[in-house]
Structures are given as structure tokens and as C-alpha cells.
Amino acid sequence: GGDGGMQHRRQRQMCRRDRMSMTRCIVKKANMSYSFWVRGVATSVYVKNRCRHASLTEGTPYEALHGRKPDVSNLRVFGCKAYVYVQKEFRKKLDSRAECGMFVGYNENCQGYLVLLPLDEGGYKRVRTRSVTFDETAFFFAKTGSSEENVVVSLDGEDTEVEEPAVESTTVTRENDLSEVFT
């Protein structure tokens, strides 16, 4: 009787602790400040739902919900450099064909990725796109030799050709407004 409720609460608490532990790891590994924790949680949940779970006899939470195996070929390293294609109508002849940003998650509504692009005046622009190439060996924020602070590194990026145009973007002016980007 009464034991079942307590056990269920313990399982939920362990799940939350596990999710936050994963979030803390991916945000720290990417050298990001904790202002990115909301996207870290969403990405952790996205990945965890595509992994085997002890409470399920077979498969993943995604399989239990959708009745088919998840496609994990789209999984990327959180916080890595992402080069977003710039459409011809938004660039001049000698401009770069891609902008360097950071990968911060997946677009839940349709296939695609969420990328934050830095703005010249500070802040970020959120872009939902499938037209992106990843450099999963490099993080957007890199640690400097002796300092533990986050530093934005090379924003020029290389020319990268990708097929489809960006779908949606949102502009944010200050890092404190990141909560607006993630909602």
C-alpha cells in the first residue's frame, strides 16, 4: 500500500538528480556558463529519451511513446561550433557562406537544430535550422591557458555549403535575456 508512493517519489527524485547531473556535465564540458542550463536540461532530456531505461522491459522511452526505434544519427555534441548557412539574398559576393555559432539543442517540432549566433553588439540570435555543419571537435567557448573564464573564440568560421535555408530566428541583446531565447 503506502510503500508504493514513497518508492515512486524516490524514483522521480533519482531521475531528476540523474538529469541534472547530465546537464551539469554537458554544460561544464562545453565551457558554458550556467545561464545555458535551460538548454542543457532540454538536450539532456532529448538524449535520455533515446537511451535504454531500466524501468522499461525493452527499448527506450521514445520507443514506448512512438512505437518505433529513435533515429540517433542527428545527435551532436552540446556547445560545439556550428556553422549555419547564410542564404544568398542575405550576403554579398565575398561574404562568408556560413556564420559560426554554438549548438544548443534540438528543434522538437520538426527536424533541425537550435544554434545561437553571436551578434556584433553583444548577445545572441537563436536560429532553428537544418542547414548547419558541426565541428564536434571544437567548443564555441574555449578555456584560455590559465584562466577559468569562458572566452568566445574565432567567430569567422570557414566557408561551408549546406542545402536548406534557416527556418526561424530570434534576436537577444544581453546574456541576461537568454531565458527569452530558450522559451
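For the structure, check the block above.
Engineer: So, helix α2 (residues 37-48): which residues are in play, and what are the values?
Structural biologist: Spanning 12 residues, α2 covers 16 Å between terminal C-alpha atoms, matching the ideal 16 Å at 1.5 Å per step. Along α2, the residues classified as buried are R39, G40, V41, T43, S44, Y46 and V47.

Engineer: Tell me about the nonpolar core, residues and numbers included.
Structural biologist: Counting 16 residues, the largest nonpolar core has M32, F36, M102, V104 and F141 as its most contacted members. Elements with a minimum of two residues in this core: β2 (98-106) and β3 (113-118). The next biggest cluster of nonpolar side chains, apart from the first, holds 12 residues, and it includes A82, V84, Y106 and V127.

Engineer: Could you give me a rundown of the pattern of salt bridges, with the residues and numbers involved?
Structural biologist: A full pass over the atoms with the stated rule returns one salt bridge. Close ionic contact of K69 with E63 constitutes a salt bridge, the shortest N to O distance being 3.9 Å.

Engineer: Break down a nonpolar patch on the surface for me, with residues and values.
Structural biologist: Taken together, the side chains of M20, Y34, W37 and V38 present a nonpolar region at the surface, about 370 Å² in accessible area. With respect to the secondary-structure elements, M20 resides in helix α1 (residues 2-29).

Engineer: Could you give an account of the state of the cysteines, naming the residues involved and the relevant values?
Structural biologist: Inspection of the entire model under this criterion finds zero disulfides. For C100, which is in no disulfide, the shortest distance to another cysteine sulfur is to C80 and amounts to 9.5 Å. Classification of C100 by relative accessible area gives buried; the value is 3%.

Engineer: So what about the pairing of β2? Which residues, and what values?
Structural biologist: β2 sits mainly inside the fold: eight of its nine residues count as buried. Relative to β2, strand β1 (residues 80-85) runs antiparallel, the two being bridged by five bridges. Residue K81 lies in a different strand from β2, and its bridge partner there is M102. Alignment of β2 against β3, held across four bridges, turns out to be antiparallel. What sits directly across from F103, in β3, is V115. Taking the residues between adjacent antiparallel strands as the criterion, β2 and β3 are bridged by six residues, where G112 takes a positive phi near 155°.

Engineer: Before we move on, can you summarise the packing of aromatic side chains with the specific residues and values?
Structural biologist: Throughout the structure, instances matching the rule amount to nine aromatic pairs. Pairing F36 with Y124 gives two aromatic rings, centres 6.2 Å apart and planes at 75°, and the pair type is edge-to-face. Of the two residues, F36 is situated in the loop between α1 and α2 and Y124 in strand β4 (residues 124-129); the sequence distance between them amounts to 88 residues. On the basis of an interplanar angle of 50° and a centroid distance of 6.0 Å, the ring pair of Y106 and Y113 is categorised as tilted. Across the pair, exposure class does not vary: Y106 and Y113 are buried alike.

Engineer: Tell me about the side chain of T60, residues and numbers included.
Structural biologist: When you line up the elements, T60 lands in the loop between α2 and α3 (61-66). Judged by relative accessible area, T60 falls into the buried class, the value being 5%. For T60, the contacting residues outside a window of four places in its chain are N49, R50, C51, R52 and P70.

Parameters and conventions
Residues numbered from 1 in each chain as written. Predicted model: local features only at pLDDT ≥ 70, side-chain atom pairs only at ≥ 80, totals over all residues. Heavy atoms only, no water. Helix = DSSP H or I, 4+ residues; strand = E, 2+ residues; numbered from the N terminus. Expected span 1.5 Å × (residues − 1). Buried < 20%, exposed > 50% of the residue type's maximum accessible area, 1.4 Å probe, protein only. Core = buried A, V, L, I, M, F, W, Y, C linked by side-chain atoms within 4.5 Å. Salt bridge = Lys/Arg side-chain N within 4 Å of Asp/Glu carboxyl O. Patch = residues over 30% accessible without salt bridge, like charges linked within 9 Å, V, L, I, M, F, W, Y side chains within 5 Å. Areas by Shrake-Rupley, 256 points an atom, 1.4 Å probe, with all protein chains shown as cover. Disulfide = S-S within 2.5 Å. Pairing = 2+ DSSP bridges. Phe/Tyr/Trp six-rings, centres within 6.5 Å; stacked < 30°, edge-to-face > 60°. Contact = heavy atoms within 4.5 Å.

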